[in-house]
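Listed below are the residues making up each chain.
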Amino acid sequence: MSLETRTVKILGPAGILARSWDRFEPREGQLDLARSVAYALENRTKAVVEAGTGTGKTLAYLVPLILSGLRSVVSTATKNLQEQIVFKDLPFLARHLTARPRICLVKGRQNYLCRRRLAQALVQNRIDPWTGKKLAAWAEASRTGDRAEVDFLSENDPAWLRLTASSEQCLGQRCDLFNSCFITALRRRAQAADVVVVNHHLFMADLALRQSGHGQVLPESESVVFDEAHELEGAATSHFTVAVSDVRIMDLARDLAEAAGGEAGDIFGELNFAVSALIRSLQFPGDRINLTDQVLTPEVMETGQGLIETLNQAKITAIHAVPDEGEAQGLAARAESLADGLNMILNRMEPEYVYYAERMRRATSLRAAPVEVAKVLEKALFRQPKAFVFTSATLDPERFQERLGLGRGVTALSFPSPFDFANRSLLYVPGRMPLPSSPNFVKAAAEQMERLVRISQGRAFLLFTSFRNLEAAHKLLAPVLEFPVLKQGQAPKVKLIEDFLKNQGSVLLATASFWQGVDIPGPDLSLVVIDKLPFAPPDDPLVAARIQRLRDLGVDPFREYQLPEASLSLRQGLGRLIRSHSDSGILAVLDVRLADKGYGKTILEQLPPSPLVRDMDRVEEWGRRNL
């Protein structure tokens, strides 16, 4: 019996789930998606599937995946979806299927305690005694060392960062505590598992590690499913980017000084002086600067070479001054990696990369990022003889294939959402409104938001394309709204969502991190407003390089890159509203270009079929009838 037939026996109208679960709703789109996944798994091919919200895509790929018996990796964009799959979806299926796959949840290293660094912190009194005692007791009892088990540390407690080991800081088999290490135990569980559940950043970090010849974290697999696959290109770009930051260098300096004690001399001060001199020499005009010939002056190159030489000296210091041989080798390798990375960036050694420096809140970094990841992924991943499934609620299958370099023989499908957007939602675009470039835009947008929030009686997400617009709108709205007002940054994301649900009628102001991965079905969320069309900033070095690449190829970058990216992002943001068949609400985009410009109408065609309204009085009338 084929895998497709066995899958239908589970998910079909007369299948096992329909007979054994009262709440199961057979869905045509879900069954078609499951069939395409089954075909890809059975034939070791690639499938790219857009499955609109409500299709039931998680069960659609998990059922054939389990039935196939293949060693598999499931990769998602968020930790929340990872945990939903491991603790909810897979246990649910285990109750209804005869197959009992072994499951392993693998998170990033920053989620797991490093026993060596805890021991060092306790000996050197670098941690509060009460906290250290509690952590030591927990570490002895814990099987996983997972941060999620620690309920006595706040989510952002800085102590935890000193107790984890990055891939650079980890000594691996050179560590005395290797056999009792939580990461070692995690790898063993992953090696023994049938299904390993990870996130895209960890998957790409592992792939980059393999390419560099420094081992691997994840086991070999026969199939990979990428859920929320629209995030994959960004994750790949991030992990194939070479980055050297002042924070990484000073972390090395601190670890080296602590490991070598007085034998290290003033290596901390020398590295601090050298990296600070390089950053000063760049003369940032803003938060970001392209590393062009004009920027990389002889002074900058000389200062950069000085930092490279100091890093090489740090390598020698580690070898000769650190008594623990394993730790000495690890510190020396980190210094060498930073020196090599900085040399590569300053000399712009890879022609297919874009080179830039940027200042963030906590770090300043120099970066070399691949302009396109298609060639990298095609060589590093997609030549492998295994099944690949890519799925998301917002995915342009044909464009996705090209951007990721999937090659030929790809099954590309699209299934619309089964939700009744035409009758249960409304899309509002103002009839008159200053353009986003106008200095009066934020004030006008806040006035629109105030009226919309009163129509929905709170219960709103107000989403912004920039922190600047968010802050300006918050100052205008917070004093006049009679509903609980929450703002991104006031608390961790999970806490903000909890507060939003707990305080009836809440209004949350947020940026891109809340445009996806947030699921609030039901009447608690009845309004989603987006301030303007989410075009990527053209002065971003990576965006600018991709635009120039398309121009060089004779392709219109606006039509082929900027517009599709904005469309997908807008669909993600608006997708926060209708999450179930019973949901209803108002969608609003306060950018008149969406209705007035030809390219805006192109975006409209890609959105769910919500009726378009441009008169606030009609919105109020609809709200009275439906909310």
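Going by the structure above, here's the rest.
Below is a summary of the structure that appears in this document.

With that settled, the discussion passes to the overall build of the protein chain. Assigned secondary structure in the protein chain consists of 25 helices and 18 strands. Relative to the compact-globule value of 25 Å for 627 residues, the protein chain shows a C-alpha radius of gyration of 26 Å, a close match. Along the three orthogonal principal directions, the C-alpha set of the protein chain runs to about 75 × 65 × 55 Å. Taking all 627 residues of the protein chain together, 53% fall into the buried category. Of the contacts made within the protein chain by residues no fewer than 6 positions apart, 74% connect residues no fewer than 24 positions apart. Only carbon and sulfur atoms are counted for the fraction: they give 50% of the accessible area of the protein chain, which is about 28,800 Å². When the 76 positive and 75 negative side-chain charges of the protein chain are each reduced to one mean point, those points stand 3 Å apart.

A word on the sheet that holds strand 4 (residues 195–199). Two orientations exist for strands paired in a sheet by backbone hydrogen bonds: parallel and antiparallel. Strand order in this open sheet of 7 strands is 3-4-2-5-10-1-11, and the pairing throughout is parallel. Strands with a single pairing partner mark the edges of an open sheet, and in this sheet they are strand 3 (103–105) and strand 11 (410–415). The sheet shows a mean angle of 15° between the axes of neighbouring strands, taken without regard to direction. Two elements, strand 5 (residues 223–227) and strand 10 (residues 387–392), share 5 bridges in a ladder whose sense is parallel. Bridge pairing links Val225 to Val389 in strand 10.

To continue, consider helix 12 (residues 267–282). The first and last C-alpha atoms of helix 12 sit 23 Å apart over 16 residues, in line with the 22 Å expected at 1.5 Å per residue. Packing partners of the buried residues in helix 12 comprise helix 11 (246–260), strand 7 (288–290), helix 13 (298–321), helix 14 (325–346), strand 8 (353–359) and strand 9 (364–370). Among the residues trailing helix 12, Gln283 stands out with phi positive, at a value near 50°.

Attention shifts here to the pairing of strand 10. Consecutive residues of a regular strand have side chains that alternate between opposite faces of the sheet. Judged by how many residues are buried, strand 10 sits mostly within the fold: 6 of 6 residues are covered. Of the two faces of strand 10, the one carrying Ala387, Val389 and Thr391 and the one carrying Phe388, Phe390 and Ser392 are both buried. When strand 1 (residues 46–51) meets strand 10, the two strands line up parallel, connected through 5 bridges. For Ala47, the partnering residue across the bridge sits in strand 10 and is Val389.

Let us look at the pattern of salt bridges. The tally for this structure, following the rule as stated, stands at 37 salt bridges. Notably, a salt bridge pairs Lys107 with Asp146, separated by 2.9 Å at the nearest N-O pair. Taken together, the positions of Lys107 in the loop between strand 3 and helix 6 (115–123) and Asp146 in the loop between helix 7 (129–141) and helix 8 (182–192) put the pair 39 residues apart, joining distant regions of the chain. The residues Lys107 and Asp146 share a single accessibility class, namely buried. Here Arg383 makes a salt bridge to Glu378, at a shortest N to O gap of 3.1 Å. Judged by relative accessible area, which is 59%, Arg383 ranks as exposed. By relative accessible area, which is 28% here, Glu378 ends up partly exposed. Counted as one network, the salt bridges with shared partners bring together Glu233, Glu372, Arg403 and Arg546.

The subject of this paragraph is the environment of Ala368. Along the chain, Ala368 turns up in strand 9. For Ala368 and Val354, which are 14 residues apart along the polypeptide, the C-alpha to C-alpha distance reads 5.6 Å. With near-sequence residues (within four places) excluded, Ala368 lies in contact with Phe240, Thr241, Val242, Met344, Ile345, Tyr353, Val354 and Tyr355.

On to the environment of Ile279, then. Secondary-structure assignment places Ile279 in helix 12. If we skip the residues at most four places from it in the chain, Ile279 touches Asp246, Phe284 and Thr364.

The parallel open sheet is built from 7 strands, whose spatial order is 14-15-13-16-17-12-18. On the outer flanks of this sheet lie strand 14 (485–487) and strand 18 (612–613), each paired with one strand and no other. Lying on the sheet, helix 22 (residues 557–574) is in contact with strand 13 (460–463), strand 16 (527–530) and strand 17 (585–589); it crosses strand 16 at an angle near 150°.

A word on the packing of helix 15 (residues 374–382) against helix 16 (residues 397–404). Their axes nearest at 7 Å, the elements helix 15 and helix 16 cross at an angle of 80°. Between helix 15 and helix 16, the crossing angle belongs to the class labelled roughly perpendicular. Taken together, the residues of helix 16 that come into contact with helix 15 (itself represented by Ala374, Leu377 and Phe382) are Glu402, Arg403 and Leu404. Across the contact of helix 15 with helix 16, the residue classes tally to 4 nonpolar, no polar and 2 charged.

So, on to the packing of aromatic side chains. Overall, the coordinates contain 15 aromatic pairs when judged by the stated rule. Arranged with centres 5.3 Å apart and planes meeting at 90°, the rings of Phe382 and Phe388 form a pair that is edge-to-face. An identical accessibility class is assigned to Phe382 and Phe388; each is buried. In this arrangement the basic side chain of Arg147 is found over the ring face of Trp160, its NZ or CZ atom lying 5.3 Å from the centre. Lying over the aromatic face of Phe514, Lys493 brings its terminal NZ or CZ to 5.2 Å of the ring centre.

So, on to unusual backbone geometry. The residue Arg44 is not glycine, and still its phi comes out positive at about 55°. Relative to the helices and strands, Arg44 resides in the loop between helix 3 (28–43) and strand 1. On the basis of relative accessible area, Arg44 is assigned to the partly exposed category, the value being 37%. Positive phi values are uncommon outside glycine, yet Asn125 reaches one of about 55°. Along the chain, Asn125 falls in the loop between helix 6 and helix 7. Here Asn125 falls in the exposed class, since its relative accessible area comes to 67%.

The interhelical angle for the contact between helix 18 (residues 441–456) and helix 25 (residues 616–626), taken along N-to-C directions, is 20°, at an axis separation of 9 Å. By the angle class used here, helix 18 and helix 25 are roughly parallel. Where helix 18 crosses over helix 25, the two elements pack in a sense that is right-handed. In this structure, helix 18 contributes Gln448, Arg451, Leu452 and Ile455 to the contact, and helix 25 contributes Met616, Asp617, Val619, Glu620 and Gly623. Residues that form the contact of helix 18 with helix 25 fall into these classes: 4 nonpolar, 2 polar and 3 charged.

Quick notes on the rules
Residues numbered from 1 in each chain as written. Predicted model: local features only at pLDDT ≥ 70, side-chain atom pairs only at ≥ 80, totals over all residues. Heavy atoms only, no water. Helix = DSSP H or I, 4+ residues; strand = E, 2+ residues; numbered from the N terminus. Rg over C-alpha atoms; globule rule 2.2 N^0.38 Å. Buried < 20%, exposed > 50% of the residue type's maximum accessible area, 1.4 Å probe, protein only. Contact = heavy atoms within 4.5 Å. Areas by Shrake-Rupley, 256 points an atom, 1.4 Å probe, with all protein chains shown as cover. Lys, Arg positive; Asp, Glu negative; His and termini not counted. Charge placed at Lys NZ, Arg CZ, Asp CG, Glu CD. Pairing = 2+ DSSP bridges. Axes fitted to C-alpha atoms, helices over the stretch in contact; angles between N-to-C directions. Expected span 1.5 Å × (residues − 1). Salt bridge = Lys/Arg side-chain N within 4 Å of Asp/Glu carboxyl O. Parallel < 35°, antiparallel > 145°, perpendicular 65-115°, else oblique. Nonpolar A, V, L, I, M, F, W, Y, C, P; charged D, E, K, R; others polar. Phe/Tyr/Trp six-rings, centres within 6.5 Å; stacked < 30°, edge-to-face > 60°. Lys NZ or Arg CZ within 6 Å of the ring centre and 35° of its normal. Left-handed = near helix turned anticlockwise from the far one by under 90°.

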